[in-house]
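# Observations on the model geometry
So you can see what is in the structure, the chains are spelled out below.
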Amino acid sequence: MYDVKADIDKNRIYITIGKLEGEEAMQALAQAVKSECQKLKKGFTCITDLRKYEVLDDHFEYYVKQTQEAMIAAGLSNVVRVRRETGLLGHFQFDNVSMDVGYHAENVTSMEEAERILDK
């Protein structure tokens, strides 16, 4: 399960990721992110909602990295990740890959907090 949408007025992409069923879902998610990024101007921001994300096998990190690199190439400026308050911390998988790609995302526990940070 995933949802990706660009908010042209805010120049922001919203990515919600839940449980993904295998490689085909990861490929579809990556393509959706790349497509929505094309609707935004350089300097766009991103909120990634990982509250329902379930960690995938390490070999899927290739798609995470590929997608993050594509976002940077498209003009990504700032990312905030919304994570669970407790329990499985899937955001670590994204954090590790993003450090390899060359950026850091702030982690928060609510969409409101994420919006507030990026609206500054």
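Our subject is the structure listed above.
So, a few notes on the structure that sits alongside this text. (Residues numbered from 1 in each chain as written. Predicted model: local features only at pLDDT ≥ 70, side-chain atom pairs only at ≥ 80, totals over all residues. Heavy atoms only, no water.)

Here we take up the overall build of the protein chain. Helix and strand content of the protein chain: four helices and five strands. Going from N to C terminus, the protein chain has its helices and strands arranged as β-β-α-β-α-β-α-β-α. Accessible surface computed for the protein chain: about 6,600 Å², of which carbon and sulfur atoms make up 48%. (Helix = DSSP H or I, 4+ residues; strand = E, 2+ residues; numbered from the N terminus. Areas by Shrake-Rupley, 256 points an atom, 1.4 Å probe, with all protein chains shown as cover.)

All right, on to helix α1 (residues 23-37) then. One full turn of an α-helix is made of 3.6 residues, so residues set three or four places apart face in the same direction. Across its 15 residues, α1 extends 21 Å between first and last C-alpha, which sits within 8% of the 21 Å expected from 1.5 Å per residue. When α1 is considered as a whole, its buried residues turn out to be Ala25, Met26, Leu29, Ala30, Val33, Glu36 and Cys37. Across the axial projection of α1, the buried residues extend over an arc of 135°, all falling on one side. Across α1 from its buried face, at more than 90 degrees, point the exposed residues Glu24 and Gln31. (Expected span 1.5 Å × (residues − 1). Buried < 20%, exposed > 50% of the residue type's maximum accessible area, 1.4 Å probe, protein only. Arc of directions from axis to C-beta.)

Between α1 and helix α2 (residues 61-74), the shortest axis-to-axis distance is 10 Å and the interhelical angle comes to 5°. As summarised for this structure, α1 and α2 are arranged roughly parallel, according to the angle between their axes. On α2, the residues that touch Glu23, Met26, Gln27, Ala30, Val33, Lys34 and Cys37 of α1 are Tyr63, Val64, Gln66, Thr67, Ala70, Met71 and Ala74. Within the contact of α1 with α2, the residues separate by chemical class into nine nonpolar, three polar and two charged. (Axes fitted to C-alpha atoms, helices over the stretch in contact; angles between N-to-C directions. Parallel < 35°, antiparallel > 145°, perpendicular 65-115°, else oblique. Contact = heavy atoms within 4.5 Å. Nonpolar A, V, L, I, M, F, W, Y, C, P; charged D, E, K, R; others polar.)

On to the pairing of strand β4 (residues 78-82), then. On a regular strand, one side chain projects to one face of the sheet and the next to the other, so that they alternate. Of all five residues making up β4, four are buried, and the element is well covered by its neighbours. Judged from the five bridges that link them, strand β3 (residues 45-49) and β4 form a sheet pairing that is parallel. From the neighbouring strand, Thr45 faces β4, where its bridge partner is Asn78. Handedness of the crossover is the feature at issue here: the chain leaves β3, passes through α2, returns alongside β4, and the resulting connection is right-handed. (Pairing = 2+ DSSP bridges. Right-handed = clockwise from strand over helix to strand, strands pointing away.)

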